[in-house]
Each structure stands twice: as structure tokens, then as C-alpha cells.
Amino acid sequence: MSEFLETTVEKFIFKVATDRLYTDGHLWVKWEDGLVRIGLSDYIQQSSGDVAFAEPEPERTELAPGDDLGCIETIKVNLVLPSPISGVIKEVNPALEDRPELVNQDPYGEGWLVLVEVTDWEADRAKLLDPESYFKMMKAEAEEESSKL
Amino acid sequence: MSENGRVLILPCSGIGKTYGTVGREAAYSLAEELRPGSAEVVALSLLVMGDEELRARVQTSPVIAVDGCKLACASKMVAESGGRVAYEANVLDTFRRHRTLRPKGISRLNPEGQELAQELAQELAQATDKITRGEEV
């Protein structure tokens, strides 16, 4: 069970799960016994709107940091997701084909995108943000976006 | 079936939202062009206000709810009002079946949005026909 850091901006409550790391592009990255699971943060799924299509790259795709990890098409935007790590996609979340809304409904759980066999985790993890750092960054960004409205 | 035999169409009232506009355009097309004698558009805002006359109609008539987003306000308000949704349409689901028809615009939909509204209207017409025949949708 994940625990969360939470902030309220306008009418939105944004959560950051504390059991994983993050990118400044709002992906979460979770180490799981030699594999790494990746998904979208609560902030980016809420601010991007309802997901119409979630299309990670296929299994066995080799990734280097910055390579396309997949694409998310929402009612507002198309997000091309850069991979935060190096490795090979071992599994794509099969539920997303029929239920892409899982990314919105359960971003830190059932709405995960891919499971990756990492090749250099120690190097990759050094570039990721801990939950507290991501929370501060996300909160500042959410407040800035809110002030534009 | 309702007292006048019509299916009530309750579209999303998400003013300022593209997908809400698609839902409303589809509802108008259904009621005014495709099935003018069988379908009638009613206002979600009246239900939210607790209008007794509309609540009574919702409780005794088949209702098609047309939701513009995951909040599903139209479907929820039917249930809140003591009615039963005979068919629930969601604009996003229709878009998923017609991916090239990406809607844009709010007061005036782009051509793709208008086409998506027509696809949704056809879906609603089929549902209306089944409900009118007494079939489960």
C-alpha cells in the first residue's frame, strides 16, 4: 500500500506516492526486484485530462534515456513520454488496451505503463527525484499553472 | 415508457468543454433530425436544481445519459433523481472508436468534431429504437 504526499491547488488534490522515484517530466519509476515499473504521476494525469489512448512501446523494445517510452493521447493533449532509464521493456500493461482510463483512475497502481529490465539502475536512479523533491517541484508547477487561469 | 412515449435524452452540461459540446450536438441531432418523435432532450441543470416535474418524468421514463467526461454527471443525476439510465453513452468512448475524429472547439466544433457528434447521434438513435421497442440496450 502506497503512502502519499498531498497538496491541494484550487479544487484539485494532487498525490505523490512516497514509495518510488520520479522524473521532472512527471513519470514515476519504481524498483521491483531487478525490474522497474513506470507510470504517470497523479499530477500529470489530472492536468492532462481523460486518457483516450495509452500506447507504450511494445515488449522487447530497447530503451536508452530519452528514447520514446510510449504515447498517451488525452482529450487535451498528446504526451510523448521519454524513457527515464536504460533497459528493455519486459511487459506492457495489458489492461490499458481496453481500459486506458486506468491511468486516470489509478495512476500509481493498475494504471502503470511498462515494466522494464534495467541495464544500469545505479546510473539511472541518480538522475531521478526522490518523492519530497518531486513533490516540491510538482506543487510549484501546479501553483504556477493555476495562477495563469 | 413515458407518458408521451418519448425517450428522455440527458446530455452533459459541461459548458466550455469540447466533449460536452459533442454530446449536446449529438443529442440535438437525435431529437431534431434523426428521431424527432421518439427522443426529447431535457436539461441536466433542471435536475440539479431539483425540478419536481422533471424528476417525476425521469422516474417514469427511459433515459439516455450522454456524458462528456469521467465525472459522468448526467448518469449520476439520473440516479440521484430516482431514475434509471436505460443507456449510458460517453463521448470519450465514441472517440475511441473513431480516433481520426478528434474534436476541437467549443461553441463551434471543427469538422471532425461535428462528424464525431453525428457518429454519437447514430449510436443514440440505435439505442432509442431498442428502448422504444422495449428491448434491453
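Computed from a predicted structure; not experimentally measured. (Residues numbered from 1 in each chain as written. Chains lettered and ligands numbered in written order. Predicted model: local features only at pLDDT ≥ 70, side-chain atom pairs only at ≥ 80, totals over all residues. Heavy atoms only, no water.)

## Remarks on the overall build of chain A
Counting its regular elements, chain A contains four helices and eleven strands. Against the globule reference of 15 Å for 149 residues, chain A gives a C-alpha radius of gyration of 15 Å, in line with a compact fold. Taken along the three principal axes of its C-alpha coordinates, chain A extends 40 × 35 × 30 Å. Of all 149 residues assigned to chain A, the portion counted as buried reaches 49%. In chain A, 60% of the contacts between residues at least 6 apart in sequence involve partners at least 24 apart. Summed over its atoms, the accessible surface of chain A is roughly 7,600 Å², and 48% of this surface lies on carbon and sulfur atoms. (Helix = DSSP H or I, 4+ residues; strand = E, 2+ residues; numbered from the N terminus. Rg over C-alpha atoms; globule rule 2.2 N^0.38 Å. Buried < 20%, exposed > 50% of the residue type's maximum accessible area, 1.4 Å probe, protein only. Contact = heavy atoms within 4.5 Å. Areas by Shrake-Rupley, 256 points an atom, 1.4 Å probe, with all protein chains shown as cover.)

## Some thoughts on the interface of chain B and chain A
Quite often, the size of an interface is put as the accessible area lost when its parts meet. Opposite the eight residues of chain B that make contact, chain A presents 15 residues. Overall, the association of chain B and chain A removes approximately 1,000 Å² of surface from exposure, summing both partners, and the carbon and sulfur fraction of that is 46%. Linking chain B with chain A are five salt bridges. For Glu55(A), the salt bridge is made with Arg99(B), and the minimal N-O distance between the two is 2.7 Å. In this structure, the connection of chain B to chain A is made through eight residue pairs in polar contact (both at pLDDT 80 or more). Per element, the largest residue contribution to the side of chain B that touches chain A is three residues, and it comes from helix α5 (residues 91–97) of chain B. Across the side of chain B that touches chain A, the residue classes tally to four nonpolar, no polar and four charged. (Buried area = accessible area lost by both parts, 1.4 Å probe. Salt bridge = Lys/Arg side-chain N within 4 Å of Asp/Glu carboxyl O. Polar contact = N/O pair within 3.5 Å; in protein donor to acceptor, adjacent residues only side chain to side chain. Nonpolar A, V, L, I, M, F, W, Y, C, P; charged D, E, K, R; others polar.)

## Examining the sheet that holds strand β4 (residues 85–90) of chain B
Residues and elements named next belong to chain B. Spatially, β2-β1-β3-β4 is the arrangement adopted by the four strands of the open sheet, whose pairing is parallel. Edge positions in the sheet fall to β2 (39–41) and β4, since each of these pairs with one other strand and no more. Going from strand to strand, the sheet's axes swing by 25° on average, the running direction of each strand aside. Alignment of strand β1 (residues 7–11) against β2, held across three bridges, turns out to be parallel. When the bridges of β2 are listed, Leu8 appears paired with Glu40. Along the sheet face, helix α4 (residues 73–80) touches β1, β3 (63–67) and β4 and points at about 145° away from the line of β3. (Pairing = 2+ DSSP bridges. Axes fitted to C-alpha atoms, helices over the stretch in contact; angles between N-to-C directions.)

## So, the pairing of strand β11 (residues 114–118) of chain A
Residue and element names in this part refer to chain A. Burial analysis of β11 places four of its five residues in the buried class, the great majority of the element. Pairing of strand β5 (residues 35–40) with β11, which is carried by four bridges, proceeds in the antiparallel orientation. Within β11, the position partnered with Leu35 by the bridge is Glu117. For strand β10 (residues 87–92) and β11, the ladder comprises five bridges, and the chain directions are antiparallel. Within β11, the position partnered with Ile89 by the bridge is Val116.

## Things to note about the environment of Gly111(A)
In this fold, Gly111(A) is placed in the loop between α2 (102–105) and β11. Between the C-alpha atoms of Gly111(A) and Lys139(A), which are 28 residues apart in sequence, the distance is 22 Å.

## Some thoughts on the side chain of Glu40(B)
All names here are of chain B. As for its placement among the helices and strands, Glu40 is situated in strand β2. A polar contact is formed between the side chain of Glu40 and the side chain of Arg57, at a distance of 2.8 Å. Setting aside residues up to four positions removed in sequence, Glu40 forms contacts with Asn4, Arg6, Val7, Leu8, Ile9 and Arg57.

## Quick notes on helix α1 (residues 18–34) of chain B
Residue and element names in this part refer to chain B. Taking 1.5 Å per residue, 17 residues should reach 24 Å; α1 reaches 22 Å between its end C-alpha atoms and fits that length. Among the 17 residues of α1, twelve are classified as buried, and the element is accordingly described as predominantly covered. Every buried residue of α1 is listed here: Thr18, Tyr19, Gly20, Thr21, Val22, Gly23, Arg24, Ala26, Ala27, Ser29, Leu30 and Ala31. Looking at the buried positions of α1, the neighbouring elements they touch are β1, β2, β3, α5 and α6 (111–132). (Expected span 1.5 Å × (residues − 1).)

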